[in-house]
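The primary structure of each chain is shown beneath.
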Protein chains: 2
Amino acid sequence: MATLPQLYEPLGVHLKRVETIFEQALLSDMPCVEDLCSHLRHLRGKMLRPVLVLAAGQACGELTKEHHTLAAVVEMVHMATLVHDDVLDEADVRRKTITVNRMSGNETAVMLGDFLISRSFLLCSSISCPKASQVVARAAATVCEGELLQLHNRGNWALTEQTYQTIIERKTAALTAAACELGAMYAGAAQPVVAGLHEYGRHIGIAFQIVDDILDIVGRQEQTGKTPGSDARQEKLTLPLIHFLAQSTNGDRQRLPALHPDGQDRAGLQKILEQSGSLDYARRTAHDCVARAIRCLACLPDNPARRHLRSMAEFIVDRQF
Amino acid sequence: MATLPQLYEPLGVHLKRVETIFEQALLSDMPCVEDLCSHLRHLRGKMLRPVLVLAAGQACGELTKEHHTLAAVVEMVHMATLVHDDVLDEADVRRKTITVNRMSGNETAVMLGDFLISRSFLLCSSISCPKASQVVARAAATVCEGELLQLHNRGNWALTEQTYQTIIERKTAALTAAACELGAMYAGAAQPVVAGLHEYGRHIGIAFQIVDDILDIVGRQEQTGKTPGSDARQEKLTLPLIHFLAQSTNGDRQRLPALHPDGQDRAGLQKILEQSGSLDYARRTAHDCVARAIRCLACLPDNPARRHLRSMAEFIVDRQF
C-alpha cells in the first residue's frame, strides 16, 4: 500500500496552492475570528477531498485554477462539518488537537462552522459558472440530511444496514462524490466520465466511513488522533454492531457491554464483534466498495493519474488512521 | 404608524410566490427532515427580509422572478441564523412556538440550520449570474463574524458602544443591507442607487437590532413571542446597559440587579435603565438610524414604493414585537 506522502507527492505544488487559497478565504478583519481560524490550522487533516478534486482533474485532463479553488471549497465545507460534528459528538480531541467546542464552547463552534460554510460558498461563487456552486451546495445539504437521519436514529437498536447505508452515503459519500465530479467536470471531461468519477467518489466515501466506524471501535487514539468509542457513547449504531445485532440471539445481545463503554468496555465490545465476525463483515463491505470504486475508473484511459486514483481507493480502506 | 398587514398588502401576490419557493426549497425525500422543516413553518416570522428585497426592487423598477428567489434565499439564511441563535441562547420559545433545540435537541438544531443554509445557497445558485451568490455568501459570513464577536464579548462589562455597533452591524445589518442591495440590483438600478439601498438596509438593520435589544428588556412574551431577558441571562451587554455602565458611578452599578434576572429582577433592571435615561438613549439611537435610512432614499424618485420603504423604516423602530 502507498503511504500518504507517496500519494500526495505528485500533487505537491497544487496542494500548496490549495492551502494558500484556503488560508486566504478565511482571513477576517476581526482578531477574534482570526484566532479561531488559526486554531483550525491544527485541526486540518488528510486533505483527502482536495486531493480527490485534483487527482480526478488530472485523470481527466489539465488542472486549472478552478480546480485549486474547488479543492479549497470542498475542504472548507468538510472542515465546517467537522467543527459541527465535534459539537454533536461532544468531542474533546481531533487530530491530537483540542476541538473548537472544547476550547471556546459550543456556541463559538457552531458559529465558526457557519462562518466556514458561508466563506466556502463565497469562494465557490468566485467561479463564474454557477454549476460548481450547485454541486457544492447540493452536496452540503445532502451531508446535513445524512447527519439528521443519523441523529434521528440515535439509540435505535433496530437500525437496519440499509438505513446505515443511506446515512453514510449522505453524510460522507455525497461530498467525496462531489469532489471527484467537480475535478472531472472542470477538466472538461465528457458527461459519462463525470458520472463515472462521481460514482468512484461515492464508493470510496462509503468505504471511508465504514473504515472510520471500524476505527472508532478498534483504533487507538495515538493513531487516529480522535477520542475513540464516541459512536457507542453517542448511541450511534455502526456497521459492525448492526451486523452483530442482526444475527445474534437474545443471549448474545446480553453479552454486549454497556452502551457507554469506558476503555474496559470498549475492549470487551471489540472482542465480541471480532469473535462474531462482525468486524470482518464490515471490513469486507468496505473492501467491496473499494473494488466497485476501482471498477468505475474503467471510464478513464490508463494513465498515471488513473493509477493514482486506484491507489487512493486502496489507501482509504487499508488505513489505520 | 402603518400596521404590518398594511405594509405587506402591496406585496401580497409576490410574498405568496416567495413562500412557495421557500417551501419547495426545503423539500426532502427524508421524512425526518420533512418533519423538522414543517416545524419551521410555525417559527416563520415577520418576513422582513423578503419584504425588503421586494420593496427595494419595486422602488427601483420591475419585480422579476429573481426577486422572488432572492427573497426566499435571504429568508432561508435568516431562518438558519435563528435556529442556531436559539441554540446559542438556549431559547425554549420563539414566535410562541417551541424551538428546534428544545424540541429535538441542540445537535438536530445545529444540523437543521446547516441544512437551511446549504439549501439557501443551492437556491441562490439557481440564478445564473454569480453576483447574487457572492452578495448572499458574503453577508452570511459577516453575520457569523458579528455573532462570533458577540460571543467573544460575553460577560465583558467594559464593552464599548463602538464594539456593540460593530457586532450589530455585522450580525443583523449585513443581511438587511444585502436584501435591499439585491432588490435594487435585480431591478436594474444604477450603481449609486444600489449603494444607496444597501445603506438604507444597513441603517434599518441597526435600528431593528437596537429595538430587539430594548424589547428584550421591556417587552412582554405575549407580544414579542420570545423568552424575554435572554440577553442578560447570556451576559450579552446591549445598548441600554452599555450606556448605563458608561455614565454610572460604582454606587449606581451596585444598584443593578443580579445578572441572571428572573421576572422580578428584570423589572428592577428595566426600572433602573428607564430612570437613568439609558433606555431613552437607546430609543433615540434607533430613531437616528431610521432617520439616516430615510435620508438614503433620496437616491430614488418619489413613488409609492419609496414611501413604502419609508413606512417600513418607521415601523421597525416603533414596533412592540
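Each value, and the rule that gives it
Residues numbered from 1 in each chain as written. Chains lettered and ligands numbered in written order. Predicted model: local features only at pLDDT ≥ 70, side-chain atom pairs only at ≥ 80, totals over all residues. Helix = DSSP H or I, 4+ residues; strand = E, 2+ residues; numbered from the N terminus. Buried ≥ 20, exposed ≤ 12 C-beta atoms within 10 Å, placed from the backbone. Core = buried A, V, L, I, M, F, W, Y, C linked by C-beta atoms within 7 Å. Contact = placed C-beta atoms within 7 Å. Least-squares fit on C-alpha atoms with pLDDT ≥ 70 in both.

(A) Summary view of unusual backbone geometry. Residue and element names in this part refer to chain A. The phi dihedral of Met47 falls on the positive side, at around 55 degrees, and the residue is not glycine. By the secondary structure assignment, Met47 is in the loop between α3 (31-43) and α4 (48-60). Taking the C-beta count within 10 Å as the criterion, Met47 has 19 such neighbours and is therefore assigned partly exposed.

(B) Inspection of the environment of Glu75(A) at higher detail. Residues and elements named next belong to chain A. In this structure, Glu75 sits in helix α5 (residues 65-88). Assessed through the 27 C-beta atoms surrounding it within 10 Å, Glu75 is described here as buried. The spatial distance from the C-alpha of Glu75 to the C-alpha of Leu116 is 9.9 Å, given a sequence separation of 41 residues.

(C) Focus on the nonpolar core. By size, the foremost hydrophobic cluster in this structure holds 224 residues, and its most contacted members are Ala207(A) and Ala207(B). Once residues lying within four places of it in the same chain are set aside, the contact partners of Ala207(A) are Ala286(A), Cys289(A), Val290(A), Ala293(A), Ile316(A) and Val317(A).

(D) Main features of the environment of Ser311(A). Locating Ser311(A) in the fold gives a position in helix α17 (residues 304-318). Sequence-wise, Ser311(A) and Ile294(A) are 17 residues apart; in three dimensions their C-alpha atoms are separated by 9.3 Å.

(E) Up close: the relation of the copies chain A and chain B. When chain A is fitted to chain B, the best match, at an RMSD of 0.0 Å, comes from turning it 180 degrees and sliding it 0.0 Å along the axis. The symmetry that links the two subunits is that of a two-fold axis. Nearest to the rotation axis, the C-alpha of Pro130(A) is located 3.2 Å from it, this being the minimum over chain A. Both copies share a contact surface, since 100% of the interface residues of chain A are interface residues in chain B too.

Read these as geometric descriptors, not functional statements.
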